[in-house]
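Chains, contacts and geometry: an overview
Chain by chain, the residues:
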Amino acid sequence: MSISINAKDQPLSKVFSDDFAFSIPHYQRPYAWTTEQAGELLFDVLASLENQPEAVEDLPPYFLGSIVLIKQENKPEADVVDGQQRLTTITILLSILRSLEQPESAANMTPFICQKGNDFLGLRDRYRLRLKERDAGFFEKYIQKEPKLEELFVLEPKHLTSSQRHIQENAHYFFNKLNSLSDEKRSRLISYLLTRCLLVIVSTPDLDSAYRIFSTLNARGLNLSLTDLLKAKIIGAISEDAQAKYTRIWETEEEDLGRTAFQELFSHIRMIYRKTKLQETALNEFLKYIQPDKEPERFIDEVLKPYSDAIDTVKKADYQGPNAATINSLFGWLNQIDNFDWVPAAILYLSKYKDSPDKLEKFFADLERLAAGLMIMRAYSHIRIRRYAKLIASIEEDANLYVDDSPLQLTPNEKEAIINTLNGDLYLIVRIRQYVLLRLDSVLADGAATYDYKTITVEHILPQNPEKNSQWMEWFQNKDRSEYVHKIGNLTLLSRKKNSQAQNYEFAKKKEKYFSSRAGVSSFVMTTQVLQKVEWTPEVIETRQVKLVDHLRSLWRLQET
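Residues numbered from 1 in each chain as written. Predicted model: local features only at pLDDT ≥ 70, side-chain atom pairs only at ≥ 80, totals over all residues. Heavy atoms only, no water.

1. Considerations on unusual backbone geometry
The condition is simple: Helical segments are the DSSP runs of H or I of at least four residues, strand segments are the runs of E of at least two, and each set is numbered from the N terminus. Relative accessible area decides the class of each residue, using a 1.4 Å probe on protein chains only: under 20% of the type maximum gives buried, over 50% gives exposed, and in between gives partly exposed.
One non-glycine residue, Asn-323, lies in positive phi territory at about 65 degrees. Within the secondary structure layout, Asn-323 lies in the loop between helix H14 (296–316) and helix H15 (324–334). Residue Asn-323 is classed as partly exposed on the basis of its relative accessible area of 25%.

Right, here's the structure in full:
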């Protein structure tokens, strides 16, 4: 069966025009982008404008991704199958930019948010994007019409839907960030967004084919064919008498790593060469900047095979040789970091110094420190990529990686930011809390612990909502519990699922029934320490907080020097 598919990249000025009237179908999930995703979008666009003196029209285009639509040709109506989060966030961004402009300039931006009606043609005003019915009116009132930001920002989140809360938070975030820019920078940003920022629009006339396209883009996109295309290009450039040999090397590495990991390897190789985020398609960047087909045998012998062996060692934590236990332990911790931006630097260094175990141990200890620090600070991806790009360059130049200004080392400001996070409400930062506590527990166990449990949960000792007449309330009757409940000093680890009833037990019963095994001990050192306490007062938490954070200060060398 043939499928009618149209795919074209369009600037935002064309995306938010009379050519499209986007609607979010009822079957779509709610708007869910947080300030983290919205912030990354804004910072990536701003980063593309940094130190670019050229006129906006001369700047290279910036791709914002793709969207998939159900849309008939020559009709503007379009159901959004994939791209709701991006379109909604961009609309919020344009609206906030409009709110910060002078009236005349603001009026010039309104057409990208709302299509003006025409009485003579019987056309009513129509918004470029219509959300699901539950949130459409809210979005129109506070974002798409002349923004009522003061009213929006003071709305009580508890009275809003989850989508509305995200809209409110992202609007507030954009307002604070954009309001700090000069008028000139905001004006330049608006021009860049509308004329040089592109979306790839894929449209098809029916739902079935749209979802097949969506599945293809997400599960079998261009990256999945990248290695096949490069293989044909690279092996094809080798003399016929050597093709069989290099085909075996290529296919052996792919089989050893597995197809998915082999695909990922090429993205890491691209990063080592380019030292920047992807600007074009991965295939174009490989052929243009890396040119593996120019010296194909050298590429396979000196790049593909050693980097493939290195990533296999890192991912399997299977270094062989002196210091192996410590090095493999560090690989294990790195593999728990919530991003893979550190991998290119890791495989570059390992392939370069694979026979120098002392160097490897020192480097990977500091790489884990850096990767953990950036994760704890919740550094955006473009910040991480820039940092690791500098580190890759330093490794290639044989620079001293252990001087204060090395990209491998944390700066004083970064150390302070990490400590502030560790002293804050750690439990509320879901993406880092388990890593931090497991890392802490390993220190308390002198590195002897293993954590191969099927389930690990982070638990409060002082409950979040203790019973009114409980011992907890007596201990904290003169204290604000909110200042203690989510701190490291009040957290521990369990190798079991959460039990909402047990979480509110009195301290003695909680230790006996919830925090210990049948043998009366715990799987974790930090939990065993809790079992040794007779009471759990504010003073106990405060003392424990200082001690535990001090252990992490020592582990990651966060002390002042």
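2. A short note on the pattern of salt bridges
Threshold: For this analysis, a salt bridge means a side-chain nitrogen from Lys or Arg found within 4 Å of a carboxyl oxygen belonging to Asp or Glu.
Within the structure shown, the criterion is met by 26 salt bridges. Between Arg-431 and Asp-338 there is a salt bridge, with the nearest N and O atoms lying 2.7 Å from each other. Linking Arg-431 in helix H20 (residues 430–444) with Asp-338 in the loop between H15 and helix H16 (343–352), this pair joins segments that are 93 residues apart in sequence. For Arg-431, a relative accessible area of 24% puts it in the partly exposed group. Judged by its relative accessible area of 37%, Asp-338 falls in the partly exposed class. Of the charged contacts in the structure, one is a salt bridge between Glu-414 and Arg-387, with a shortest N-O distance of 2.6 Å. Of this pair, Glu-414 sits in helix H19 (residues 412–422) while Arg-387 sits in helix H18 (residues 381–396); the two residues are 27 residues apart in sequence, bridging distant segments of the chain. A single burial state applies to Glu-414 and to Arg-387, both of which are buried.

3. Considering the sheet that holds strand E3 (residues 62–71)
To keep things clear, this is the line we draw: Only when DSSP finds a minimum of two bridges between them are two strands counted as paired. The contact criterion used is simple: two residues touch if any of their non-hydrogen atoms lie within 4.5 Å. The convention used is that axes are lines fitted to C-alpha atoms, helices contributing only their stretch in contact, and that angles between N-to-C directions extend from 0 to 180 degrees.
One open sheet accounts for 6 strands, arranged E1-E8-E3-E4-E2-E7; its pairing is mixed. In this open sheet, the two edge strands, each paired with only one partner strand, are strand E1 (6–11) and strand E7 (129–130). As paired elements, E1 and strand E8 (residues 197–204) share 6 bridges and run antiparallel to each other. Of the residues in E8, the one forming a bridge with Asn-6 is Ser-203. Running over the sheet, helix H2 (residues 35–49) touches E3 and E8 and is turned about 130 degrees from E3. Here helix H3 (residues 84–99) sits on the sheet in contact with strand E2 (21–23), E3, strand E4 (77–82), E7 and E8, set at roughly 115 degrees to E3.

4. Digging into helix H7 (residues 162–179)
For an α-helix the count is 3.6 residues per turn, leaving residues at separations of three or four pointing the same way. Which entries qualify depends on this criterion: For a helix, the expected span equals 1.5 Å multiplied by the number of residues minus one.
Counted at 1.5 Å a residue, the expected span for H7 with its 18 residues is 26 Å, and the 26 Å between its end C-alpha atoms agrees. Three or more residues of H7 are buried, namely Ser-163, Gln-164, His-166, Ile-167, Gln-168, Asn-170, Ala-171, Tyr-173, Phe-174 and Leu-178. As for H7, its buried residues are in contact with H2, H3, helix H5 (133–144), helix H6 (149–153) and helix H8 (183–196).

5. Concerning the environment of Ile-269
Turning to its location among the elements, Ile-269 is positioned in helix H12 (residues 259–274). Relative accessible area serves as the criterion here: at 0%, Ile-269 is assigned to the buried category. Separated by 184 residues in the primary sequence, Ile-269 and Tyr-453 have C-alpha atoms spaced 33 Å apart. Other than its neighbours up to four places away in sequence, Ile-269 contacts Phe-286, Ile-290, Phe-299, Val-303, Leu-304 and Tyr-307.

6. A short note on the packing of H3 against H5
Two numbers describe a pair of packed helices, the interaxial angle and the distance between the axes. So the rule is basically this: The classification used treats Ala, Val, Leu, Ile, Met, Phe, Trp, Tyr, Cys and Pro as nonpolar, Asp, Glu, Lys and Arg as charged, and all other residues, Gly among them, as polar.
Between H3 and H5, the shortest axis-to-axis distance is 10 Å and the interhelical angle comes to 30 degrees. Each of Thr-88, Thr-91, Ile-92, Ser-95 and Arg-98 in H3 lies in contact with H5, whose residues at this interface are Phe-139, Ile-143 and Gln-144. Residue composition of the contact of H3 with H5, by class: 3 nonpolar, 4 polar and 1 charged.

7. Here we look at H15
Among the residues making up H15, those that are buried are Ala-324, Ile-327, Asn-328, Leu-330, Phe-331, Trp-333 and Leu-334. Where H15 is buried, its residues contact H14, H16, helix H17 (357–376) and H20.

8. Describing the nonpolar core
For clarity, the cut-off: Here, nonpolar core means buried Ala, Val, Leu, Ile, Met, Phe, Trp, Tyr and Cys residues that are tied together by side-chain atoms lying within 4.5 Å of each other.
If you look at the biggest cluster of nonpolar residues, it comprises 90 residues, and the most contacted ones within it are Phe-299, Ile-300, Trp-342, Phe-364, Leu-367, Leu-391 and Ile-488. Ranked by the residues each element gives to this core, the list is headed by H17, at 10 residues. Residues within four places of Ile-488 in sequence aside, it is in contact with Leu-422, Leu-426, Val-436, Leu-437, Leu-440, Arg-544, Gln-545, Leu-548, Val-549 and Leu-552. Residues Trp-33, Tyr-192, Leu-194 and Cys-197 belong to the second largest nonpolar core, which totals 56 residues.

9. So, the packing of aromatic side chains
Heads up, the condition is: In this scheme Phe, Tyr and Trp rings, the latter by its six-membered ring, pair at centre separations within 6.5 Å, and the angle between planes marks the pair as stacked below 30 degrees, edge-to-face above 60, and tilted otherwise. Charge over a ring is defined by NZ of Lys or CZ of Arg lying within 6 Å of the ring centre and within 35 degrees of the ring normal.
Applying the stated criterion to the full structure yields 23 aromatic pairs. Plain terms: the ring middles of Trp-472 and Trp-475 are 5.8 Å apart, the flat faces sit at 80 degrees to each other, and that makes the pair edge-to-face. Remark: Trp-475 and Trp-472 occur in helix H21 (residues 471–475); sequence separation between them is 3 residues, near one turn of the helix. By relative accessible area, which is 0% here, Trp-472 ends up buried. For the ring pair Phe-507 and Trp-536, a centre distance of 5.7 Å and an interplane angle of 40 degrees mean the geometry is tilted. Residue Phe-507 is found in helix H22 (residues 507–515), and its partner Trp-536 is found in the loop between helix H23 (525–531) and helix H24 (538–555); the two are separated by 29 residues along the sequence. Judged by relative accessible area, Phe-507 falls into the buried class, the value being 2%. Every member of this aromatic cluster is reached through a ring pair, and the members are Trp-250, Phe-262, Phe-266, Phe-286 and Phe-299. Positioned over the ring face of Tyr-402 is Lys-362, at 4.1 Å from the centre of the ring.

10. As for the confidence of the model for the protein chain
Note the cut-off: Summary of the metric used: pLDDT quantifies the predictor's per-residue confidence within the range 0 to 100.
On average, residues of the protein chain carry a pLDDT of 88, and 92% of them reach 70 or more. Overall, residues 219–224 carries pLDDT values under 50, and its contacts beyond four positions in sequence, including any with other chains, amount to 8 contacts.

11. A few points about the environment of Phe-138
Mapped onto the secondary structure, Phe-138 falls in helix H5. For Phe-138 and Gln-164, which are 26 residues apart along the polypeptide, the C-alpha to C-alpha distance reads 7.3 Å. Here Phe-138 is in contact with Ile-143, Leu-152, Leu-155, Leu-160, Gln-164 and Ile-167, once residues within four sequence places are set aside.

12. Some points on the packing of H14 against H16
For the record, the criterion: Angles below 35 degrees are treated as roughly parallel, those above 145 as roughly antiparallel, those between 65 and 115 as roughly perpendicular, and all remaining angles as oblique. Two helices that cross are described as forming a left-handed crossing if the nearer one is turned anticlockwise from the farther one by less than a right angle, and a right-handed crossing if clockwise.
It is the contact of H14 with H16, at a shortest axis distance of 9 Å, that shows an interaxial angle of 110 degrees. Considering their axes alone, H14 and H16 lie roughly perpendicular with respect to each other. Between H14 and H16 the crossing geometry is right-handed. Along the contact surface, H14 presents Pro-306, Tyr-307, Ala-310, Ile-311, Thr-313, Val-314 and Lys-315, while H16 presents Val-343, Ile-347, Leu-348, Leu-350 and Ser-351. Across the contact of H14 with H16, the residue classes break down as 9 nonpolar, 2 polar and 1 charged.

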